[in-house]
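The chain contents come next:
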Amino acid sequence: MKLGIVGLPNVGKSTLFNSLTKAGAESANYPFCTIDPNVGVAVVPDERLKLLGDMYHSRKVTPAVIEFVDIAGLVKGASHGEGLGNQFLSHIREVDAVVHVVRCFEDENVVHVDGSINPLRDIETIDLELIFSDLEILERRIAKTGKAARMDKTLAREASLLEGLKAHLEAGRPARSYETEDEEEAALLSSYNLLTGKPVIFAANVGEEDLADDGEGNEGVRAVRSFAAQNGSEVFVVCAQIEREISDLDEDEKAMFLEELGLSESGLEKLIKASYHLLGLHSFLTAGEDETRAWTIKIGTRAPQAAGKIHTDFERGFIKAEVVNYKDLLKEGSLAAAREKGLVGMEGKDYVVKDGDVILFRFNV
């Protein structure tokens, strides 16, 4: 999974990125500090892996990961060359979802580019810049298909889609709310990689005092939640400064720190839950002496396609999948013992993989 981080300058974007990935991107109290796209990887915490790895004495334990791309802060006019943001929008066209960091904290020592804290105004600013950037893409595509469409029915249909989509964006609406007529149009729309076509997760960045009640007492957070609910987006509340403080702690120290703050999970864990839910993802597991590993798939994925995540040969030569729930496997202590209790299923091509399945694939190529 790949997520792109956007936001105005000085909203805590790069601080959050540093905390999530420990990649060390520079962050400072002035606009355009991040002048290159920063890419980092964060491990998806998964206690199941450790338990299974210990049981099998696995030589290697490989968690699922999320790749983050952090770009320069966007400002009003970015799509027309203001600031530095427009130079880097291309770097997030390939992401699965956009994490929009919104400032919901007051701090006189951290300047705001527009002079005041107003989350909905900030969201509108970023949304408009992404729309303007998408319009540039569409206009180039329209120019390319326009003449050829007169002689080609397929291109004529695409030209019609492009014009309808252009009008939709010009009305200030994102591409993700555009209603396509069928799967063919949906596939075309997806192929454009429009920024406003991607699902959005809002990271409401608050002060430490607003963490304990998950931002319920923060007017800005409430406004962001209301906006997200109306637009089919996810929201999680985070304090980027706190995330930075806990990013270098070991797991035990981190748990103690969070407990002192009255929190049950870190910002990274909140983001993972929000992104998995928004994108319809979950994980199955493979386990053994060589390696115990988590594999991220779409909910509804069938066994052969899940096997293909490991290797294309597994999907091509799929025969059966031996499936056991990780809890049953841990309880029984071995796959053989789980088999004796009738807890292991031999599943075929139509089996829909569930979260927490531990699978041994049988294949022949």
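Heads up: the structure comes first, above all this text.
Residues numbered from 1 in each chain as written. Predicted model: local features only at pLDDT ≥ 70, side-chain atom pairs only at ≥ 80, totals over all residues. Heavy atoms only, no water.

Engineer: Just give me the short version of a nonpolar patch on the surface, but keep the residues and values in it.
Structural biologist: Residues Val41, Val43 and Val65 make up a contiguous nonpolar surface patch of roughly 230 Å² in combined accessible area. Tracing the backbone through its elements, the reader meets Val41 in strand β2 (residues 38–43). Judged by relative accessible area, which is 45%, Val41 ranks as partly exposed. (Patch = residues over 30% accessible without salt bridge, like charges linked within 9 Å, V, L, I, M, F, W, Y side chains within 5 Å. Areas by Shrake-Rupley, 256 points an atom, 1.4 Å probe, with all protein chains shown as cover. Salt bridge = Lys/Arg side-chain N within 4 Å of Asp/Glu carboxyl O. Helix = DSSP H or I, 4+ residues; strand = E, 2+ residues; numbered from the N terminus. Buried < 20%, exposed > 50% of the residue type's maximum accessible area, 1.4 Å probe, protein only.)

Engineer: Now, about the nonpolar core: what can you tell me, with residues and values included?
Structural biologist: With 49 residues, the main nonpolar core has Phe68, Ile92 and Leu271 as its most contacted residues. Top element by residues in this core is helix α9 (residues 267–279). It accounts for six residues. Apart from the residues lying within four places of it in its own chain, the contact partners of Phe68 are Leu3, Ile5, Phe17, Leu20, Thr21, Asn38, Val39, Gly40, Ala42, Leu268 and Leu271. Judged by nonpolar contacts, the second largest core, of 18 residues, contains Val102, Ile123, Val237 and Cys239. (Core = buried A, V, L, I, M, F, W, Y, C linked by side-chain atoms within 4.5 Å. Contact = heavy atoms within 4.5 Å.)

Engineer: Pulling in residues and values, what's your account of the side chain of Ser266?
Structural biologist: The residue Ser266 is located in the loop between α8 (251–260) and α9 in this model. Dropping the residues within four chain positions of it, Ser266 is found in contact with Glu243, Ile246 and Leu258.

Engineer: Before we move on, could you go through the pattern of salt bridges and cite the residues and values that matter?
Structural biologist: Enumeration according to the criterion identifies 24 salt bridges in this entry. Among the ionic pairs, Arg93 bridges to Asp134, the shortest N-O distance being 3.0 Å. With Arg93 in the loop between β4 (65–70) and β5 (97–103) and Asp134 in helix α3 (residues 119–146), this residue pair connects regions lying 41 residues apart in the sequence. The two residues Arg93 and Asp134 agree in class, both being buried. Between Asp214 and Arg225 there is a salt bridge, and its shortest N-O distance comes to 3.0 Å.

Purely spatial values, then, with no claim about function.
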